[in-house]
Amino acid sequence: MDAWFDPIMSFAGSPWAYLIVFLTALLDAMLPILPSESALIACGVFATVTGFSPNLFLLILAGALGAFLGDNITYAIGRWAEPFANRHMLNGERGRRARKQAERWLAERGGAMIVVARYIPGGRTAVSLVAGMVEYPIGRFRIFTAIAGLTWSIYGVLLGFWGGTAFKDSPIKGIGAGLATAALITVLVEVVRRILAARRRRGRRGGKGGNGPSGDESNEELEPHAT
C-alpha cells in the first residue's frame, strides 16, 4: 500500500468514521448533493482491507440511524411548510388535485414508495417532504423509514465489503468498484420505475376505452419523479 494512503486508512479506522457516516446520511436526506452512499462504501472498503476497523456492524448502525433521523426531519419540514405550500403553491385547482393525487399514491403504496425512494438520490427527499405535507401517518412513516434506512445502510456497507474483498491490495479500486455498482443499481431502479409508470399510464388509457382523459389521467404528468 502506498505510504500516502496510510493516513487516510488510519482516519477511516478511527471513531471519526462513524460520525462521518452518520452525518452524511443525516444531512443527505435534506441535501441530496451529499455523498452518503460514497461514505458508506468507502468506510466498508477501509474496514475490509484493515481487518475490520471500523466495525462493519457499527457502520451499519451509524448509517441507518443517520438516514432514519434525516428522513424524519425532512418529514417535519414538510409538515412545517404545509401552510405555506397550501397558500402559495397548492391553492389553485391544479394544486389541490396534485395534493389529492399525492395523498392517494401514499395511501395506496406509501410503504413501497418510502423504501424504494431511499435508494434514489433526491427521491428520498421528495417523498419525505410530500409525506409531511400531506400528513402521512407519522407512525407508519417511521416504520417504513426505519426499514428503508437499515436496508440501505446494509446495502452500502456490503458494497464496500465486496469492493474491499475483491481489491485488497488497492482500496481505491475497491471504492471505485463499489461506487460503480451502486450507480448501476440506481440506474436500474430508475429504469424499472419508469417502465412500471409507463405501463400504469397505458393501462389507464386502455381502461378508459378511448373516451378521453379523465381527471386522474390528465393529471398523470403531476406524478413526482424521484430523480
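Read on for a plain summary of the structure. (Residues numbered from 1 in each chain as written. Predicted model: local features only at pLDDT ≥ 70, side-chain atom pairs only at ≥ 80, totals over all residues. Heavy atoms only, no water.)

### Section: unusual backbone geometry
Point 1. Not every positive phi belongs to a glycine, and glutamate 135 is a case in point at roughly 60 degrees.
Point 2. Relative to the assigned elements, glutamate 135 resides in the loop between α6 (123-133) and α7 (138-166).
Point 3. Glutamate 135 sits in the partly exposed class, given a relative accessible area of 41%. (Helix = DSSP H or I, 4+ residues; strand = E, 2+ residues; numbered from the N terminus. Buried < 20%, exposed > 50% of the residue type's maximum accessible area, 1.4 Å probe, protein only.)

### Here we look at the pattern of salt bridges
Point 1. In this structure the tally under the stated criterion is two salt bridges.
Point 2. Of the charged contacts in the structure, one is a salt bridge between arginine 124 and aspartate 28, with a shortest N-O distance of 2.2 Å. Of this pair, arginine 124 sits in helix α6 while aspartate 28 sits in helix α2 (residues 16-28), and the two are 96 residues apart along the sequence.
Point 3. As a salt-bridge pair, aspartate 71 and arginine 118 come within 2.8 Å of each other at their nearest N and O atoms. (Salt bridge = Lys/Arg side-chain N within 4 Å of Asp/Glu carboxyl O.)

### A word on the side chain of serine 36
Point 1. Tracing the backbone shows serine 36 in helix α3 (residues 36-49).
Point 2. A distance of 2.6 Å separates the side chain of serine 36 from the side chain of aspartate 28, its partner in a polar contact.
Point 3. A distance of 3.4 Å separates polar atoms of two side chains, one belonging to serine 36 and the other to arginine 124.
Point 4. Contact partners of serine 36, with chain neighbours within four places excluded, come to Thr24, Ala25, Asp28, Arg124 and Trp152. (Polar contact = N/O pair within 3.5 Å; in protein donor to acceptor, adjacent residues only side chain to side chain. Contact = heavy atoms within 4.5 Å.)

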